[in-house]
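Structural overview
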Amino acid sequence: MLRALKVGLVIERANRKNLVALLAVVMIVFGFMFYIKAQAVGNQLVEKKGDFYSAQAILSKFQIKDASETGDGSDLYKNLVKQKSTIALQIAALTMDKQSMYYETSLKLAELRQEAFELEGYENVAELLPSKLQNSMDYLYFKRMVDEGKDTISDLFQYMPFLLFFFLHVGAGWYIFISFHTSSILLDDFEHSSIIKGFPVRFDHYILSKCIITFLSIVISILLIFICAIPLWILNGLGNPLEPVGIYIGNATLISTIQYIAMSVGYMILISIFVTLLSIILNVLLKNMYLTLFVHFILFFLPMIFPSLISLLPYNPFNFMNFNDILLGVPVDLAKPVDITMNLGLIIICISIILMLFVIKTFFSTGKINRA
Amino acid sequence: MWSYFKFEFKQFFTNKKNVAIYFLLAFATLFYVFKIAPTYNPIESVDYDEIEARYLTRQEFLDHMEGQDLHNVHPSVIYAIEIFKEINPIDKGRLDALDEGNFKKYADLTSDWYFFTNSITYRNEAFSYNSKYFIKNNKYAEDDAFYAYLEQAVRYDSYSKADYELSLEIFEQRTALQTFERLLKSVLPIILIVCVLLLSIDIVKKDQRHPSILKGFPISDWKKLLVKMFVALLGSVVLFVPLIVGIFIIGLQSGFGNFNLPSPVYAAHLDWRVDGKFEMMTLGTFLGQSFILLFTWFIVMINVVLLCSIIFRSEMVNFAVGLFLIFGENFYSSRYVGYFWDVQNYPTSYIQVGQIISKRRNFYYMNNQLDFTLGLQLLLGLAGVVIFLMILIALNRRFKLIK
Amino acid sequence: MLEVQNITVQFGENKVLNDISMTFEQGEMIGLVAPNGTGKSTLMNVLMNYVKPTKGKVVFKEGLSYSNKSNEVKIHQFVSMMPDQSDLYNHLSGREHLKMFATMWQSDLKLIDETIEALNMGHYVNKKTGTYSLGMRQRLCFAMQIVTNTEIMMMDEVMNGLDPNNVEIISKILVKKKAEGKIIIIASHLLDNLEKYADRIFLFNKGKLVNTNQVIEGFSQAHIKTIRVKNMEDHTKKQLRELFPNLELQTLTNGMSLIHLPSSEASLLSSFTSFLVERNVVDFAFGKVTLNDLYSMYYHEDSIGDSQNNHFNYED
């Protein structure tokens, strides 16, 4: 087994594809930095102004757009009017750079919204307001901010906040990235089948050694992410590793930034293993790199394009591949809500991995290595 | 050269990957036609109930205020009365027209309605645009609505003067050609260009596996590259086959539309308070220009892939460069940024083909110079440079297409 | 028709081809014989312009040479090299490969069926090449080249993996092509076969082409000049030297003893034959030095690292 590893390492070390993958990681990290700059993400002021217009729009749905406030509007109406003025206050706080006031008003807004869920007629405006889950997470976040007497807003260009932002968004892309990386696994070997077939190594050991080598390059990629962001640390500082983030694991809770990052890395590694094994199986069956890629894409995007599939097949491992969305609780807010969490996802992915290993061990003998 | 063309042609259309791409596109088209198109719910729709609800509430207010003493009343009430007195007759007229089935009259009045409503709503806190624009925290909802309302104004104006038969499908842009127009303004160009990238990505690399068979072919390298380019272009045109089938099916469901339908073009130079903000272009012209621009993109993409293939010899690099060309705009695009930067000079700004032709992109960027002609020049120029480089390299004595 | 002018190919310190000049005429079959790695394939690659020579050039008819890319294309119209069987398209059939080559060189499509018949490929030529055995693939590659019908054909190890019957079939076709006026250059290790059909045979030595006739005079002519005795015993050899002092005796490393005759006089032959039969030597043959013998003589000496001039291991 070790010999297979050594041989594999020798072959892969010089493989340009791995270098290209690492280069791609570097470019994506820097691309994110540009993206933040260009799209003014995290610029609270712009976002709040949008909120204000939303609030106005909601009110317009109510009745006459410009009736005078006579005091016999519904409770919901009053609540929404209060929301609108709270948002205005938020904007004022941001403009004057008083973060503590911003947190307080945000907390108030979250409380108002919480009340609104129970009020009559909420369904009409539901789609214009954040969902129950989102609001709970907002509420928890701002409560923590107020309790701790926070006075600053995290700057996305500091090390920790940037990494958090990166890992908050990388979920969807990670599966795709790894599919590309592993889509040609074993295919090179098929080209040199007369060399490989005769190896005095068990085939499943051989495959395992390939997986380990791929896994190594993936781990290096992840490390690269942390390394590439270091210039931000040098220029703008570390940022707060304990900054809370809202996630959904059955109920809305807060965890610290560093916990979230650690969790993300864990999921990314697990998903990588899943994708690698799946690529191996697909390549043995289809013998074509592009077809393997297409199958990956279809399986991955299917639950996203048809959210109703999630309720149909809640245990489909592909529901959990976009771990960011699951952590945000997106499936809970779907038209047909499904209560799935990443804990469940973890178990299902692990089971899938074990199943695939079993399949590889049992069904794939050396005879399968043939040229396309 | 003809025999080499036959050879490449056969290889291209029997390549498993390419067959899979055509198949997936066909599947996506059928899926769209049967599942997504029917659920199309435009924000600006012909909604009798909505007009009626608004009309009745306002009319009730007006009737209530009739004959009352307006001296000590809040100025916003007076304002409301004035506005409603203007709008309500228009709304009533629209309702009547719908009752009569007189689409021309409806179109005429609706055009006025949009124009007027927009002028009182834009940047005016008292009124708000249709709330559907504000979903998902759209920060730019106001601008989007402004654009939409004025566009609809011009559309309906054109409908009212039309000499073809009007229908609800035409108003709501559900007909086959109008659906195609909508798709060209959103995601279709990108899908097609990505398909072209995927189709041509290995057109050079596939020969690496059979060197001793192909090296000796008595045909020059640059001719081989040209044949490959031509075959890839043919393959790109074939991408339209499933699309046309899809359009045909939509046509059977909701009518085909015709080429004289209006396709408004944003005109930044007009004063919106006086002339609105749009000029007219027929759908035929829109489609024609879109195809030309799209086809030019195909040429650019294929040649860039060919050039990268002979320089870098790696499919991944081809893919990365292709993606960069397609999505590169996202790195610098954000609203209004075109006011400060010369985005019109980057070829990547022209990727949203439909939006370029309809000049929605100009609105997005706040830039007046993004233009079909300029885009065409830039892209053709880029293609020319790439082809030139490619042939230059291929003519070099030491260059070998198949190593 | 095909002229090699002062071709030198040098990789680093190693001169693989050293100032080779040669002319090949129409209707000639040339054999290239050499141990592995001495430059056979390199020479062919230079003739196809797959490798650029460090010095010198190759000149074809009408003064055409590989001076620019369009000339290269023109030359490839009438010069072809046999493809390698590992490069075949496994999902295409043999016939499709033949059609591909025939169309590319614009040859007569009837040639395809003729070649299939001549090579007895009819029963499998319509199947996918992925299902072929090595011999079938090799024959297909040969057929592909035949179908191009180029004036100059180069084949590197064409007989690889073929059974004796197939070797004969291919040889017959090559002879036919030779009669049609084509130049055929074969690199091979099947020395007996090459000997039978080739007009000129060259050995490689230190980057130079050496005609077999230069190694042994009159090699390519069919004279009875040599008697070949297998595993002659030492005391027999001694007696031979005593009784026939004017005959040269040469022992090769493969156990073969060569007795070179000054002439093919009948009396000499008969007395020598009786000499051998009396001593119970039954395994002997009349003829000339075979290519096999020549090969052992020529190359075994070099590998030992003996003096460069003396190629022969005389026993005296």
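All values derive from a computational prediction rather than experimental measurement. Residue numbers here run from 1 along each chain, matching the order of that chain's written sequence. Each chain gets a letter, beginning with A, and each ligand a number, beginning with 1, in the order they are written. This being a predicted model, a pLDDT of at least 70 is required before a residue's local features are given, and a value of 80 or more before pairs of side-chain atoms are given or counted; all residues contribute to the totals for chains, interfaces and linings.

Put simply, DSSP marks the helices as runs of H or I at least four residues long and the strands as runs of E at least two long, and each gets a number from the N terminus on. Across its full length, chain A holds 17 helices and two strands. Neighbour density around each residue's C-beta defines its exposure: 20 or more other C-beta atoms within 10 Å make it buried, 12 or fewer make it exposed, and counts between make it partly exposed, where C-beta atoms are placed from the backbone. Residues counted as buried form 35% of the 372 residues belonging to chain A. Residues are scored as being in contact if the C-beta atoms we place from backbone atoms lie within 7 Å. Taking the contacts inside chain A whose residues are at least 6 apart along the sequence as the reference set, 77% of them involve residues at least 24 apart.

So, on to the overall build of chain C. If you tally the helices and strands in chain C, you get eleven helices and 13 strands. With respect to the three principal axes, the spread of C-alpha positions in chain C is 70 × 45 × 30 Å. Expressed as a percentage of contacts within chain C between residues at least 6 apart in sequence, the contacts between residues at least 24 apart total 71%.

This paragraph deals with the packing of helix H4 (residues 110-118) of chain C against helix H5 (residues 134-148) of chain C. Residue and element names in this part refer to chain C. Fitted lines through C-alpha atoms give the axes, limited to the stretch in contact for helices. The angle between two N-to-C directions lies from 0 to 180 degrees. The interhelical angle for the contact between H4 and H5, taken along N-to-C directions, is 145°, at an axis separation of 9 Å. The interaxial crossing formed by H4 with H5 has right-handed handedness. Contact with H4, carried on its side by Leu 111, Ile 112, Thr 115 and Ile 116, involves Ala 143, Ile 146 and Val 147 of H5 and no other residues of that element. Charged residues are taken to be Asp, Glu, Lys and Arg, nonpolar residues to be Ala, Val, Leu, Ile, Met, Phe, Trp, Tyr, Cys and Pro, and polar residues to be all remaining types, Gly included. Residue composition of the contact of H4 with H5, grouped by class: six nonpolar, one polar and no charged. Helix crossings get a hand from a simple test, with the near helix turned counterclockwise from the far one by less than a right angle marking a left-handed crossing and a clockwise turn marking a right-handed one.

On to the packing of helix H5 (residues 103-121) of chain B against helix H6 (residues 141-160) of chain B, then. All names here are of chain B. For the pair H5 and H6, interaxial distance at closest approach is 7 Å and the crossing angle is 155°. In terms of orientation, H5 lies roughly antiparallel with respect to H6. With respect to the hand of their crossing, H5 and H6 are arranged in left-handed fashion. Here H5 contributes Lys 104, Ala 107, Asp 108, Thr 110, Ser 111, Tyr 114, Phe 115, Thr 117 and Asn 118 to the contact with H6, which in turn contributes Phe 146, Tyr 149, Leu 150, Gln 152, Ala 153, Tyr 156, Asp 157, Tyr 159 and Ser 160. When describing relative orientation, an angle under 35 degrees is termed roughly parallel and one over 145 degrees roughly antiparallel, while 65 to 115 degrees is termed roughly perpendicular and anything else oblique.

Right, let's talk about H6 of chain B for a bit. Residue pairs three or four apart in sequence face the same way in an α-helix, which turns once every 3.6 residues. Here H6 of chain B contains 20 residues, and its C-alpha end-to-end distance of 28 Å stays within 8% of the 28 Å for a straight helix at 1.5 Å per residue. Along H6 of chain B, 14 of the 20 residues are buried, which leaves the element largely enclosed by surrounding structure. The span you would expect from a helix comes to 1.5 Å times its residue count less one.

Moving on, we come to the interface of chain B and chain C. On the chain C side, the residues contacting the 17 residues of chain B number 19 residues. Those elements that provide at least two residues to the side of chain B that touches chain C are helix H1 (2-14) and helix H10 (211-214) of chain B. Of all the elements, H1 of chain B adds the most residues to the side of chain B that touches chain C, at four residues. Split by residue class, the side of chain B that touches chain C holds eight nonpolar, five polar and four charged.

With that settled, consider the confidence of the model for chain C. Residue and element names in this part refer to chain C. pLDDT gives the predictor's per-residue confidence on a scale running from 0 to 100. Residues with a pLDDT of 70 or more make up 92% of chain C, whose mean pLDDT is 83. Across residues 302-316, where pLDDT falls below 50, the model places twelve contacts with residues more than four positions away in sequence or in other chains. Scored as a whole, the predicted complex attains pTM 0.81, and scored at its interfaces, ipTM 0.72.

Our focus in this paragraph is the sheet that holds strand E11 (residues 248-251) of chain C. All names here are of chain C. Two strands qualify as a pair provided that DSSP identifies no fewer than 2 bridges between them. Overall, antiparallel pairing links the four strands, which are arranged E11-E12-E10-E13 in an open sheet. For this open sheet the edge positions go to E11 and strand E13 (284-287), each flanked by a neighbour on one side alone. Across this sheet, the average inter-strand angle for adjacent strands is 20°, counted without regard to direction.

The backbone of Arg 313 of chain B shows a phi angle near 55°, a positive value even though the residue is not glycine. Along the chain, Arg 313 of chain B falls in the loop between helix H14 (283-312) and helix H15 (315-327). Even without a glycine there, the phi angle at Glu 62 of chain C is positive, about 55°. For Glu 62 of chain C, the position within the fold is in the loop between strand E4 (55-59) and helix H2 (69-78). For Glu 62 of chain C, a count of 6 C-beta atoms within 10 Å translates into the label exposed.

Residues and elements named next belong to chain A. Summary statistics for chain A give a mean pLDDT of 79 and a share of 86% for residues scoring 70 or more. Of all the helices and strands in chain A, helix H10 (residues 193-196) carries the lowest mean pLDDT, 68, while helix H13 (residues 257-286) carries the highest, 89. The low-confidence segment residues 64-68 (pLDDT under 50) makes twelve contacts with residues lying over four places distant or belonging to another chain.

Let us now look at the sheet that holds strand E1 (residues 2-11) of chain C. All names here are of chain C. Across the sheet, three strands lie side by side as E2-E1-E4; this open sheet has antiparallel pairing. Strands at the two margins of the open sheet, each flanked by one partner only, are strand E2 (14-24) and E4. In this sheet, adjacent strand axes meet at a mean angle of 15° when their direction is disregarded. Bridge count between E1 and E4: four bridges; the pairing is antiparallel. Paired with Gln 5 across the two strands is Lys 57, which belongs to E4.

What follows is about the environment of Ser 290 of chain B. Residues and elements named next belong to chain B. Note on placement: Ser 290 falls in helix H14. For Ser 290, a count of 24 C-beta atoms within 10 Å gives the class buried. The spacing of Ser 290 and Ala 162 is 128 residues in sequence and 23 Å in space, taken between C-alpha atoms. Leaving out residues up to four positions away in the same chain, Ser 290 has contacts with Leu 184, Val 353, Gly 354 and Ile 357.

For the rest of this paragraph, the subject is the pairing of strand E8 (residues 200-205) of chain C. Residue and element names in this part refer to chain C. Two elements, strand E3 (residues 29-33) and E8, share four bridges in a ladder whose sense is parallel. By the bridge assignment, Gly 31 is partnered in E8 with Ile 201. In this sheet, strand E9 (residues 208-211) lies alongside E8 in antiparallel orientation, the contact comprising four bridges. From the neighbouring strand, Phe 204 faces E9, where its bridge partner is Leu 209. Connecting E8 to the next strand, E9, in antiparallel fashion are two residues, including Lys 206 with a positive phi near 50°.

All names here are of chain A. Its place among the elements puts Phe 364 in the segment after helix H17 (342-363). With 284 residues separating them in the primary sequence, Phe 364 and Leu 80 have C-alpha atoms 62 Å apart. Once residues within four sequence positions are removed from consideration, Phe 364 is found in contact with Phe 203, Asp 204 and Val 284.

The nonpolar core criterion groups buried Ala, Val, Leu, Ile, Met, Phe, Trp, Tyr and Cys residues into a set whenever they are joined through C-beta atoms within 7 Å. Membership of the largest hydrophobic core comes to 162 residues, with the highest contact counts inside it found for Leu 163 and Ile 271 of chain A together with Val 196, Met 301 and Ile 302 of chain B. Element by element, the count of residues in this core is highest for H14 of chain B, at 14 residues. Discounting chain neighbours no more than four positions away, the residues touching Leu 163 of chain A are Ala 229 and Ile 261 of chain A. Ranked by size, the runner-up nonpolar core spans 81 residues in total, among them Leu 17, Tyr 66, Tyr 132 and Ile 170 of chain C.

So, about the pairing of E2 of chain C. Residue and element names in this part refer to chain C. Relative to E2, E1 runs antiparallel, the two sharing seven bridges. What sits directly across from Glu 3, in E2, is Thr 23. Hairpin connection between E1 and E2: a loop of two residues separates the two successive antiparallel strands, and Gly 12 in this loop has a positive phi of roughly 70°.

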